[in-house]
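Coordinate analysis (summary)
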Amino acid sequence: MEVTRASDGHQPPAGERVVTSLDGRLPVTEAARELLRKVFPDHWSFLLGELALYAFVILLLTGVYLTFFFDPSMSEVVYDGAYLPLRGVRVSEAYASTLRISFEVRGGLMIRQIHHWSALLFASAICVHLLRVFFTGAFRRPRELNWVIGVTLFNLALLEGFSGYSLPDDTLSGTGLRIAEGVLLSVPLVGTYLTFFAFGGEFPGHDVIPRLFTLHILLVPGLLLALVGAHLTLVVVLKHTQWAAPGRTNRNVVGMPFFPQFLTRTVGLTFTVAGVMALSAFLAEINPIWRYSSYRPDVAAAGAQPDWYIGFIEGALRLMPAAETDLFGHTVSWNVLLPALVVPGLLFAALYAYPFVERWLDPDTGEQHLCDRPRNKPTRTGLGVAGITAYAVLLVAGGNDVIAYVFGVSVDALTVVLRAALIVLPPLSFLLTRRLCLALQARDRERLLKGDETGRIDQGHDGGFTGHRRPVSEDERFVLLARTAPEPLPAADGAPRRERARAAASAWFHRDGVELPSTEAESEYLAGVLTSPAHPGSAADRQAGPATAGPVRRLRRALLGLTRRRGRGTGR
């Protein structure tokens, strides 16, 4: 790009020339302008993704520090470090270096515990963020790909957590590696080959810790960085979802600009997360490996429990009855293969496919940028609660031995109860959640018809009592009425079997619902506000006279002049 001279005959300053030259080759100015104009909704639920991002940043920083001192070797040495109870004991180099980090490196134990707490926060924030996206329908068009990226990030977070958890080579992490070996061996035909490749021979071998170290510090973090970048890019390009409110439509985003409001708040959140992680590491001990000693294959640790994000696999293994089958000279261990590989595989396959399945069941083909209230999608909410219930049962089952010991009950009896709970509780929670959502819809309908109770009660001359109610505010009425209620797909006579199955599934998904009362003016206004590019309630609307009032003024007049309300559906 040619640099032109200024009008007074002098060249621009050197800094300006450099920026101009760079901008001619890289569109940094345009990208920065778009980022500065980016608007972020102001709601606490949108901070969950930021918590995961900042926990990941802390993980990277503390992980780099720990890498300088960790030795990923399984060679045995005689420990002669600062921890006196283990002096003279033969341990692995990985375990000895972890002890050295904890007791001899300045700030090592603090950094190590910050790293562990941040790993738990990272996985937890991604999980809760995915739940928020699921229950509010933020995965719908055009964000299906971002949902797929989010589920992949969660999978990688689980893999990253397991690999990092196994690096110290203590008795607790070694027990987890022994379980991983059994899972690999359960793979039909190729299980033995996979195990020899992972462990470098017979368990425990000498290669698993170095390979996990490479996986933990290089491969998985690289994939996480790439996917986080893609995720944030899509958020900027596709814009944020937002909760329904006056002035918010499918064509705009109402909130705070990136600079300076959002930038100031997000920097404050960054330091808050770092401070909380440091305080947790200072006050709460986590993973004290010096109490467990180095791993030995002939020692089994009683009461060993994995971190919560792996606990559901442990619980599934404990609940599955013993079952084996001999097929063509090969033994298939169903009691390991099904709970450890098939069930998690089906779970994550369902998560990946869900946005596309719901799109297949929904006749609406437009883009959706407003969040759903979970009560307005009872079937989706019920499915989500059923999945959470199943996960909770499996997580409890992962600690059945500890629970049985603490409460003095039989492990076998507790296992039978948990097996029954895994079968009964998820469908029961689905039905209860669905009914609760419909009850909440009926309550919204009652509020629209009768208003909210004021708490004032008058007693009449005849001794009777009369309660007072006030109408729902205009803004809240908008929130209650702004929902999508698609009709199920019609089942045409003579249609192909696939179309009939689709119509039946759509009817089941969209069945039942409480129709909320609204006037024709409200219906027309809401139909327009969800698709109009204009910002309702603008200055022009507020300043217009009665003859030229905007939709907000027309809606207000319709509400004030309303004398009779009509409604159909249940809960009238």
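As a convention, each chain's residues are numbered from 1 in the sequence order in which they are written. With the structure being a predicted model, the display of local features is reserved for residues of pLDDT at least 70 and the display and counting of side-chain atom pairs for 80 or more, all residues being used for whole-chain, interface and lining totals. Side-chain descriptors were evaluated using all non-hydrogen atoms of the structure, hydrogens and water having been removed beforehand.

Here we look at the overall build of the protein chain
Condition: Only DSSP runs of H or I covering at least 4 residues are called helices, and only runs of E covering at least 2 are called strands; the numbering of each starts at the N terminus. Think of it in three bands: residues with accessible area under 20% of the maximum for their type are buried, residues over 50% are exposed, and the middle band is partly exposed, with areas taken using a 1.4 Å probe on protein chains only. Whether two residues are in contact is decided by their heavy atoms: any pair within 4.5 Å suffices.
In terms of regular secondary structure, the protein chain is built from 20 helices and eight strands. By residue count, 40% of the 572 residues in the protein chain fall in the buried class. The contacts in the protein chain between residues at least 6 apart in sequence include a share of 73% that link residues at least 24 apart.

Topic: the packing of helix H11 (residues 308–319) against helix H13 (residues 378–397)
Defined as follows: Axis lines are fitted to C-alpha atoms, over the contacting stretch for helices. Their N-to-C directions set the angle, which ranges from 0 to 180 degrees. Each angle is binned into one of four classes, with values under 35 degrees roughly parallel, values over 145 roughly antiparallel, values of 65 to 115 roughly perpendicular, and all other values oblique. The classification used treats Ala, Val, Leu, Ile, Met, Phe, Trp, Tyr, Cys and Pro as nonpolar, Asp, Glu, Lys and Arg as charged, and all other residues, Gly among them, as polar.
Orientation of H11 relative to H13, taken along the N-to-C sense of each, is 75°, at an axis distance of 6 Å. Taken together, the axis directions place H11 and H13 in an arrangement best described as roughly perpendicular. Here H11 contributes Trp308, Tyr309, Gly311, Phe312, Gly315, Ala316, Arg318 and Leu319 to the contact with H13, which in turn contributes Tyr391, Leu394, Leu395 and Ala397. A per-class count over the contact of H11 with H13 returns nine nonpolar, two polar and one charged.

Examining the environment of Leu130
Counting through the fold element by element, Leu130 comes out in helix H5 (residues 108–136). Relative accessible area serves as the criterion here: at 12%, Leu130 is assigned to the buried category. Between the C-alpha atom of Leu130 and that of Leu48, which follows or precedes it by 82 residues, the distance is 9.1 Å. Residue contacts for Leu130: discarding those within four places in its chain leaves Trp147, Gly150, Val151 and Phe154.

Regarding unusual backbone geometry
Between Arg141 and the following residue, Pro142, the backbone shows a cis peptide bond with an omega angle of 15°. Structurally, Pro142 is set in the loop between H5 and helix H6 (144–166). Phe203 connects to Pro204 through a cis peptide bond whose omega is 0°. For Pro204, the location among the structural elements is in the loop between helix H8 (191–199) and helix H9 (208–238). Its identity as a non-glycine residue notwithstanding, Asp169 has a phi of 60°, on the positive side.

Some words on the pairing of strand S8 (residues 465–470)
Heads up, the condition is: Strand pairing requires that DSSP identify at least two bridges connecting the strands.
In the sheet, strand S7 (residues 452–459) pairs with S8 via five bridges, with the strands oriented antiparallel. Of the residues in S8, the one forming a bridge with Ile457 is Gly467. Between S7 and S8, which pair antiparallel in sequence order, lie five residues; one of them, Gly463, sits at a positive phi of approximately 90°.

A look at helix H4 (residues 93–103)
Within H4, eight of the 11 residues are buried, which leaves it mostly tucked inside the rest of the structure. For H4, the full list of buried residues reads Ala94, Tyr95, Ala96, Ser97, Thr98, Leu99, Ile101 and Ser102. Turning to H4, the residues buried within the fold contact helix H3 (47–67), strand S2 (76–78), strand S3 (90–92), H5 and H9.

Observations concerning the packing of aromatic side chains
Let me state the cut-off plainly: Aromatic rings from Phe, Tyr and Trp, taking only the six-membered ring of Trp, are treated as a pair when their centres fall within 6.5 Å; an angle between ring planes under 30 degrees marks them as stacked, one over 60 as edge-to-face, and anything in between as tilted.
Per the counting criterion, the structure on display carries 20 aromatic pairs. Ring geometry for Phe134 versus Tyr354: centroids 5.0 Å apart, planes at 55°, classification tilted. Highlighted residues: Phe134 in helix H5 and Tyr354 in helix H12 (residues 334–361), separated in sequence by 220 residues. Each member of the pair, Phe134 as well as Tyr354, carries the same accessibility label: buried. Aromatic pair Phe154 and Phe348: ring centres 6.3 Å apart, planes at 45°, arrangement tilted.

With respect to a nonpolar patch on the surface
Rules: Patch definition: residues with relative accessible area over 30% and no salt bridge; like charges joined within 9 Å; nonpolar side chains (Val, Leu, Ile, Met, Phe, Trp, Tyr) joined within 5 Å. To be clear on the numbers: accessible area is Shrake-Rupley with a 1.4 Å probe, and residue cover counts the displayed protein chains and nothing else. Should a side-chain nitrogen of Lys or Arg be within 4 Å of a carboxyl oxygen of Asp or Glu, the pair is scored as a salt bridge.
A surface patch of nonpolar side chains, amounting to about 570 Å² of accessible area, comprises Val402, Tyr405, Val406, Phe407 and Val409. Tracing the backbone shows Val402 in helix H14 (residues 400–407).

Here's the deal with the nonpolar core
Within soluble globular proteins, side chains that are nonpolar generally end up buried alongside one another. Definition in use: The nonpolar core is taken to be a set of buried Ala, Val, Leu, Ile, Met, Phe, Trp, Tyr and Cys residues, with the residues joined through side-chain atoms within 4.5 Å.
Counting residues in hydrophobic clusters, the biggest one holds 49 residues, and the most contacted among them are Phe122, Ile126, Trp147, Val208, Ile209 and Leu224. Grouped together as the second largest cluster of nonpolar side chains are 10 residues, Phe312, Ala316, Leu414 and Ala421 included.

What to know about the confidence of the model for the protein chain
As a reminder, the rule being used: For every residue, the pLDDT score states the predictor's confidence, bounded by 0 at the bottom and 100 at the top.
On average, the protein chain scores 84 in pLDDT, and the residues at 70 or more come to 86%. When the elements of the protein chain are averaged for pLDDT, helix H19 (residues 539–543) gives the smallest value, 33, and H5 the largest, 96. Below a pLDDT of 50 lies the segment residues 532–572, which in the model reaches 51 contacts outside its immediate sequence neighbourhood of four places, other chains included.

Some details on the pairing of strand S5 (residues 324–327)
Taken together, the four bridges between S5 and strand S6 (residues 330–333) define a ladder with antiparallel strand orientation. Considered in S6, the bridge of Leu327 is made with His330. Linkage of S5 to S6, two consecutive antiparallel strands, is achieved through a turn of two residues, within which Phe328 is found at a positive phi near 55°.

Observations concerning the side chain of Ser102
Looking at the secondary structure, you find Ser102 in helix H4. Those residues in contact with Ser102 that lie beyond four places of it in its chain are Leu109, Arg112 and Trp290.

Quick notes on the pattern of salt bridges
Inspection of every chain in the model, using the stated rule, returns 21 salt bridges. Taking the shortest distance from any N to any O, the salt bridge between Glu358 and Arg380 comes out at 2.5 Å. Remark: Arg380 occurs in helix H13 and Glu358 occurs in helix H12; sequence separation between them is 22 residues. With respect to burial, Glu358 and Arg380 carry one shared label: buried. With its nearest N and O atoms 3.2 Å apart, the salt bridge here joins Arg373 to Asp444. With Arg373 in the loop between H12 and H13 and Asp444 in helix H15 (residues 411–450), this pair connects stretches of sequence that are 71 residues apart. This pair shows no difference in class: Arg373 is buried, exactly as Asp444 is. Each of Arg140, Glu358, Asp372 and Arg380 takes part in one network of salt bridges that share partners.

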